[in-house]
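Structural characterization, general
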Amino acid sequence: MANKTKNLFWNREAETMPASEKKRVQLERLQATVKRAYENVPFYRRAFDEKGVKPEDVKSLEDLKRLPFTVKNDLRDNYPYKLFAVPMSRVVRLHASSGTTGKPIVGAYTRNDMEVWMEVIARSMAAAGVTEDDIVHNAYGYGLFTGGLGFHYGAEKIGASVVPVSGGLSKRQVMLWQDFRPTVLCCTPSYALVLAETMEEMGVGLNDICLRVGLFGAEPWTDQMRREIESRLGLEAFNQFGLTELIGPGVSAECICHNGMHIQDDHFLPELIDPETGETLEYGQKGELVLTSLTKEAFPVIRYRTKDITTIDPEPCPCGRTTVRMMRLAGRSDDMLIIRGVNVFPSQIEGVILEQKELVPQYQIVVERQRNLDQIEVQVEAVDELYQKDESEILRVTGRVQKALNQTLGITARVVIVPPRSIARSEGKARRVIDRRNLT
Ligand code: AMP
Ligand code: ZN
């Protein structure tokens, strides 16, 4: 899709800071964060003491390596408030991520943390060319999930007109596109596809709406999916990344060059590690993203292992930003399926599905263990035209897709083409994998 947007900066000074100055700012903020965490959070004090490090030992950014990691279970063990570094009287907002198992992950914000959050989302939106002249249709879920209120406040900060629709009631959403004339759409990529489908079912065409920019994130998606959404909604899509543990959306976002997501690295310090050994990797290598908050007051996080697999490109971007860029996520180390010893990412399967014109990108991956052997089945919807044809045609497509999948994955996957609109749609993050193996 051709660029329809301008390269705008929300905070040019911060976003184009020269490397040497950035390092100075990062170190200063890291030292303050480490001190605050050590002095106010018993969990961090214990973890530092166990490793034999003290806040004073952080004399350069290199010393980050000496600090202990924080993992999701540490957050669960300290549920709900035990990791906060300020008294509750200073907390003005709480959010939570449902996660897949156990207790949710809780995020807390002081008034200043809210300012930082709005700032980083405003930067992300400006990088996609959003201004006060835009009308922002925000279909991320409102509530405990950080997506809804995060984009809401960020868009208000920019001065755009926000329509707080939240997820669901898809037909009404499309009606609002026609009546309120929004120019920017915020939601998960899977919900963007549901809305595209709804629009087509309602007979609403691209000329009836005026979306220009899409801010999509909160779940893994592929480049093929981006092209599909862009052509069906007539907009330019920008990948948005964040997590509750760090702040929510706003950790990183694409600019108009679409060559990775700029990490707001004056607020979040990124590292890459080998997920097996915990060893620090060079930028450019592929590994697990580890993030340290540099300015958060209520809930500082030190060396948080995100489980997200990516690479980092530190080269300055043609857009002028000097913030380092993380590439589209290949998936999460914990979403990766290991099928008969082969690593399989749902994104690889999605890539193959999106290349088939007879299929709709609505799918589910079912994994089962039969007689000690893992079996993978990909259920994917047919377009109406295919489903109306006779069975032999469906079988022919099934065979072709199965072959393409086997070539991409390196293992045999069973393909089942299911009727149009038979797979449950999601209003937020899609649930793509059903793992029926009892692996615990
Ligand atoms: P939550 O805290 O519930 O919002 O979940 C955060 C997680 O969602 C991250 O750790 C990622 O695994 C995933 N995520 C968020 N944004 C993206 C994105 N743009 N692409 C891929 N995965 C994402
Ligand atoms: Zn850029």
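Residues numbered from 1 in each chain as written. Chains lettered and ligands numbered in written order. Predicted model: local features only at pLDDT ≥ 70, side-chain atom pairs only at ≥ 80, totals over all residues. Heavy atoms only, no water.

1. A short note on the overall build of the protein chain
Counting its regular elements, the protein chain contains 12 helices and 22 strands. Relative to the 2.2 N^0.38 estimate, which gives 22 Å for 440 residues, the radius of gyration of the protein chain is 22 Å and therefore close to what a compact globule would have. The proportion of buried residues among the 440 residues of the protein chain is 56%. The contacts in the protein chain between residues at least 6 apart in sequence include a share of 67% that link residues at least 24 apart. (Helix = DSSP H or I, 4+ residues; strand = E, 2+ residues; numbered from the N terminus. Rg over C-alpha atoms; globule rule 2.2 N^0.38 Å. Buried < 20%, exposed > 50% of the residue type's maximum accessible area, 1.4 Å probe, protein only. Contact = heavy atoms within 4.5 Å.)

2. Notes on the coordination of the zinc ion (ligand 2)
Around the zinc ion (ligand 2), the protein contributes the donor atoms Cys255 (SG), His262 (NE2), Cys317 (SG) and Cys319 (SG), which lie 2.1 to 2.3 Å from the metal centre. Here the zinc ion (ligand 2) binds four donor atoms, and the angle range of 105 to 116° at the metal identifies the geometry as tetrahedral. (Donors = N, O, S within 2.8 Å, 3.2 Å for Na, K, Ca; no water. Tetrahedral: all angles 85-135°; square planar, octahedral: opposite > 155°, others 65-115°.)

3. Let's talk about the layout of surface pockets
Roughly 700 Å³ of internal volume is contained in the second largest pocket. Lys23, Gln26, Leu61, Pro270 and Tyr283 are, among the 22 residues lining the second largest pocket, the residues nearest its centre. Of all the secondary structure elements, the ones that give two or more residues to the lining of the second largest pocket are α2 (19-40), β10 (268-273) and β11 (280-281). It is α2 that contributes the most residues to the lining of the second largest pocket, four residues altogether. Residue composition of the lining of the second largest pocket, by class: 12 nonpolar, three polar and seven charged. (1 Å grid on protein atoms, 1.4 Å probe; cavity = no way out; pocket = protein on both sides within 12 Å on 5 of 7 lines; lining within 4 Å. Points joined across faces, edges and corners; volume = space filled by probe spheres on them. Nonpolar A, V, L, I, M, F, W, Y, C, P; charged D, E, K, R; others polar.)

4. Section: the sheet that holds strand β20 (residues 373-382)
The strand order across the open sheet built from four strands is β21-β20-β19-β22, with neighbouring strands paired in mixed fashion. Each of the sheet's edge strands pairs with one partner strand only, and the pair in question is β21 (414-418) and β22 (433-435). Strand-to-strand, the axes of this sheet are offset by a mean angle of 20°, without reference to chain direction. Strand direction decides the pairing type here: strand β19 (residues 359-370) and β22, joined by three bridges, are parallel. Paired with valine 366 across the two strands is isoleucine 434, which belongs to β22. Taken strand by strand, helix α10 (residues 346-354) contacts β19, β20 and β22, and its axis lies near 140° from that of β19. (Pairing = 2+ DSSP bridges. Axes fitted to C-alpha atoms, helices over the stretch in contact; angles between N-to-C directions.)

5. Some points on the site of ligand 1
Neighbouring residues of ligand 1: 17 residues in total, closest Ser97, Asn239, Gln240, Thr244 and Asp308. Contact distances for ligand 1 include 3.1 Å between a nitrogen atom and a backbone N or O atom of alanine 218. Take glutamate 219: an N or O atom from its main chain is 3.2 Å from a nitrogen atom of ligand 1. Relative to its free-state accessible area of 500 Å², ligand 1 is covered by the protein chains to the extent of 92%. Among the elements that make up the shell around ligand 1, the one with the highest residue count is strand β7 (residues 236-243) (five residues). Residue composition of the shell around ligand 1, by class: six nonpolar, six polar and five charged. (Near = heavy atom within 4 Å. Polar contact = N/O pair within 3.5 Å; in protein donor to acceptor, adjacent residues only side chain to side chain. Areas by Shrake-Rupley, 256 points an atom, 1.4 Å probe, with all protein chains shown as cover.)

6. Quick look at the packing of α10 against helix α12 (residues 391-409)
As a packed pair, α10 and α12 sit with axes 10 Å apart at the nearest point and diverge in direction by 145°. Seen from above, α10 lies across α12 with right-handed handedness. Facing α10, whose interface residues are Gln348, Ile349 and Val352, α12 presents Val401, Ala404, Leu405, Thr408 and Leu409. When its residues are assigned to classes, the contact of α10 with α12 shows six nonpolar, two polar and no charged. (Left-handed = near helix turned anticlockwise from the far one by under 90°.)

7. Some remarks on the domain arrangement of the protein chain
As far as domains go, the protein chain holds domain 1 (1-332) and domain 2 (337-435). Taking only C-alpha atoms into account, the centre of domain 1 sits 30 Å from that of domain 2. With 22 residues of domain 1 at the contact, the number on the domain 2 side is 17 residues. For the domain 1 and domain 2 pair, buried surface summed over both sides reaches about 1,500 Å², with 55% attributable to carbon and sulfur atoms. Scanning the region where domain 1 abuts domain 2 turns up two salt bridges. A salt bridge links glutamate 201 to arginine 421, with the shortest nitrogen-to-oxygen separation between them at 3.9 Å. At the surface where domain 1 touches domain 2, the tally comes to seven residue pairs in polar contact (both at pLDDT 80 or more). (Domains from an automatic or database assignment. Buried area = accessible area lost by both parts, 1.4 Å probe. Salt bridge = Lys/Arg side-chain N within 4 Å of Asp/Glu carboxyl O.)

8. Side note on the sheet that holds strand β15 (residues 325-326)
Here we have nine strands laid out as an open sheet, ordered β4-β3-β5-β6-β7-β8-β9-β15-β14, and mixed in their pairing. Pairing within the sheet leaves two strands with one partner each, and these edge strands are β4 (161-164) and β14 (312-313). Relative to strand β8 (residues 248-254), β7 runs antiparallel, the two being bridged by four bridges. What sits directly across from glycine 242, in β8, is proline 249. Here helix α8 (residues 189-201) sits on the sheet in contact with β5 (184-187) and β6 (213-217), set at roughly 125° to β5.

9. Quick notes on empty space enclosed by the protein
Taken as a whole, this structure holds one cavity of 30 Å³ or more when the rule is applied. Roughly 70 Å³ of internal volume is contained in the largest cavity. Residue lining of the largest cavity: Leu75, Asn78, Tyr79, Pro80, Tyr81, Lys82, Leu83, Phe84, Pro104, Ile105, Val106 and Phe299, and that is the complete set. Here the residues of the lining of the largest cavity sort into 10 nonpolar, one polar and one charged.

10. Some details on unusual backbone geometry
Note that the residue after tyrosine 79, namely proline 80, is joined by a cis bond; omega there is -10°. Inspection of the secondary structure puts proline 80 in the loop between α4 (72-77) and β1 (91-97). Of note in the backbone geometry, alanine 218 takes a positive phi value of approximately 80° without being a glycine. By secondary structure assignment, the location of alanine 218 is in the loop between β6 and α9 (223-233).

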